[in-house]
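# Descriptive analysis of the structure
Residue-level listing of the chains:
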Amino acid sequence: MSVDKKVVLITGAARGIGMGIAKCFVAQGASVIITDLDESMTQAAAAELGENAMGLVANAASQSAMSEAVSKVLQRYGQLDVLVNNAGIGGPKEQFEEISSSDSALLGITDDVWDEQLMFNLRTAFSSSNAAIPHLSEGGNIVNIASIAALGPTTTLPAYGAAKAGVVHLTKTLAMELAPRRIRVNCICPGLLWTRAWEILTTQMKANQPELANMSQRQIFESVVEDITPLGSEQTPEDIGNLAVFYASSNARMITGQIVAVDGGISVK
Ligand SMILES: NC(=O)c1ccc[n+]([C@@H]2O[C@H](COP(=O)([O-])OP(=O)(O)OC[C@H]3O[C@@H](n4cnc5c(N)ncnc54)[C@H](O)[C@@H]3O)[C@@H](O)[C@H]2O)c1
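Quick look at the site of the ligand now. Looking at the ligand, there are 30 residues lining it, with G12, G16, A60, G88 and T195 nearest. Listed by contribution, the elements that provide at least two residues to the shell around the ligand are α1 (16–27), β2 (31–36), α4 (111–132) and α6 (196–208).

See the structure below:
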């Protein structure tokens, strides 16, 4: 799909959706650089992707760390064509003991949790874009990963939803700003995917809702999918990756500033 030989930098891609996006680009002949926070996880994921991949540790919310990562990409490949802003955290941070302070109800959210959600889910896209934009090739692409939580009110993840709505807005602003350089900027809103983010969310749901006590985390996830997804099944990282590849290809050459939900119809209801 004409992303052959393109150089693609994907943030937060050592697992989950980012890894799925990376696989889709590699399958189409692109060179892929994945970034994440943990060295061994990042290098293991890059090795799994094969010889057309490189792994770098970089916090996507830090312009200096991302500038360093971009320099390494330019040193090795001599160009940067696509940035995928995927890094984000769905609920509370990794540690399950932090669940009590999580983003679960607007009035209970502390300033710190609010700031953390905005830093991990919105500043990540801003800081990484700022580091990459001066070096993106003319006709290049930015693909932002938001969420269906960006598309309407969410009482369960209000800070996350606000951050992801910011990603939607940032997409449109950057699309206008970068159009003169023919850089296109588009956004994907994933629906429900069984990744680490949902493992954490279902742990939180189990802790907060006694009626779920006898269900496994996976069963809780499946029941949510069944309840709210018109097409009846969960989405996969490759479902997201296929659209990212399309956005970055010349087949989408007149598409910019667009927001597409890959959610089995959830956001239409
Ligand atoms: N899983 C879903 O159902 C779902 C739905 C909608 C949107 N999303 C979004 O998709 C993206 C990927 O989520 P996922 O489900 O694959 O989650 P995940 O937790 O499985 O993967 C996210 C990866 O990003 C990394 N990461 C987090 N913050 C980072 C940072 N500041 N710098 C670098 N790496 C960082 C994590 O270490 C992790 O490896 C996120 O932006 C998430 O909000 C997920």
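The biggest cluster of nonpolar side chains holds 77 residues, and the ones touching the most others in it are I21, A22, V32, I34 and A244. When residues of this core are assigned to their parent elements, the largest contribution, 8 residues, is made by helix α5 (residues 158–178). Those residues in contact with V32, other than ones at most four positions away along the chain, are V8, I10, A22, F25, V26, L49, N52 and A53.

Okay, α5 next. Over its 21 residues, α5 runs 30 Å from end to end, which matches the ideal 30 Å to within 8%, given 1.5 Å per residue. Buried within α5 are the following residues: A159, Y160, G161, A162, A163, K164, V167, L170, T171, L174 and L178.

At a closest axis distance of 8 Å, the pairing of α4 and α5 adopts a crossing angle of 20°. Taken as axis vectors, α4 and α5 run roughly parallel relative to one another. For the element pair α4 and α5, the recorded crossing hand is right-handed. Across the interface between the two elements, V113, W114, Q117, L118, N121, L122, A125, F126 and S129 from α4 touch A159, Y160, A163, K164, G166, V167, L170 and L174 from α5. Here the contact of α4 with α5 is built from residues that sort into 12 nonpolar, 4 polar and 1 charged.

This part covers unusual backbone geometry. With a phi angle near 70°, K5 is a residue other than glycine that sits in the positive phi range. Its place among the elements puts K5 in the segment before β1 (7–10). K5 gets classed as partly exposed once you count the C-beta atoms within 10 Å, which come to 13. Located in the positive-phi region is R182, a residue other than glycine, with phi close to 55°. With respect to the helices, strands and loops of the structure, R182 is situated in the loop between α5 and β6 (184–190). C-beta crowding within 10 Å serves as the criterion here: with 13 such atoms nearby, R182 is assigned to the partly exposed category.

For the rest of this paragraph, the subject is the pairing of β1. With burial as the criterion, each face of β1 is covered, one bearing V7 and L9 and the other bearing V8 and I10. In this structure, β1 lies alongside β2, joined through 4 bridges in parallel fashion. Pairing of V7 across the sheet is with S31, part of β2. Here 3 bridges tie β1 to strand β4 (residues 80–85), and the two strands are oriented parallel to one another. Paired with L9 across the strands is L83, a residue of β4.

Another point: the environment of R196. Mapped onto the elements, R196 comes out in helix α6. Classification of R196 as exposed rests on a count of 12 C-beta atoms within 10 Å. Once the C-alpha coordinates of R196 and R15 are considered, the two residues, 181 residues apart in sequence, prove to be 8.5 Å apart. In contact with R196, not counting residues within four places along its chain, are R15 and G16.

Our focus in this paragraph is the sheet that holds β1. On the basis of which strands lie adjacent, the open sheet formed by 7 strands has the order β3-β2-β1-β4-β5-β6-β7 and parallel pairing. Every other strand in the sheet has two partners, leaving β3 (53–57) and β7 (259–262) as the edge strands with one partner each. Going from strand to strand, the sheet's axes swing by 20° on average, the running direction of each strand aside. As paired elements, β4 and strand β5 (residues 136–145) share 5 bridges and run parallel to each other.

Now for the confidence of the model for the protein. With 93% of its residues at a pLDDT of 70 or more, the protein shows a mean pLDDT of 93. Contacts of residues 92–101 to residues separated by more than four positions or lying in other chains number 14 contacts, the stretch itself having pLDDT below 50.

Here the focus is the pairing of β2. The buried fraction of β2 amounts to 6 of the 6 residues, a majority that puts the element mostly inside the structure. Side-chain alternation along β2 places S31, I33 and T35 on one buried face and V32, I34 and D36 on a second face that is also buried. Handedness of the β1-α1-β2 crossover: right-handed. As paired strands, β2 and β3 are joined by 5 bridges and run parallel to one another. Paired with D36 across the strands is V57, a residue of β3.

Conventions used here
- Residues numbered from 1 in each chain as written.
- Predicted model: local features only at pLDDT ≥ 70, side-chain atom pairs only at ≥ 80, totals over all residues.
- Near = placed C-beta within 6 Å.
- Helix = DSSP H or I, 4+ residues; strand = E, 2+ residues; numbered from the N terminus.
- Core = buried A, V, L, I, M, F, W, Y, C linked by C-beta atoms within 7 Å.
- Buried ≥ 20, exposed ≤ 12 C-beta atoms within 10 Å, placed from the backbone.
- Contact = placed C-beta atoms within 7 Å.
- Expected span 1.5 Å × (residues − 1).
- Axes fitted to C-alpha atoms, helices over the stretch in contact; angles between N-to-C directions.
- Parallel < 35°, antiparallel > 145°, perpendicular 65-115°, else oblique.
- Left-handed = near helix turned anticlockwise from the far one by under 90°.
- Nonpolar A, V, L, I, M, F, W, Y, C, P; charged D, E, K, R; others polar.
- Pairing = 2+ DSSP bridges.
- pLDDT = per-residue confidence, 0-100.
- Right-handed = clockwise from strand over helix to strand, strands pointing away.

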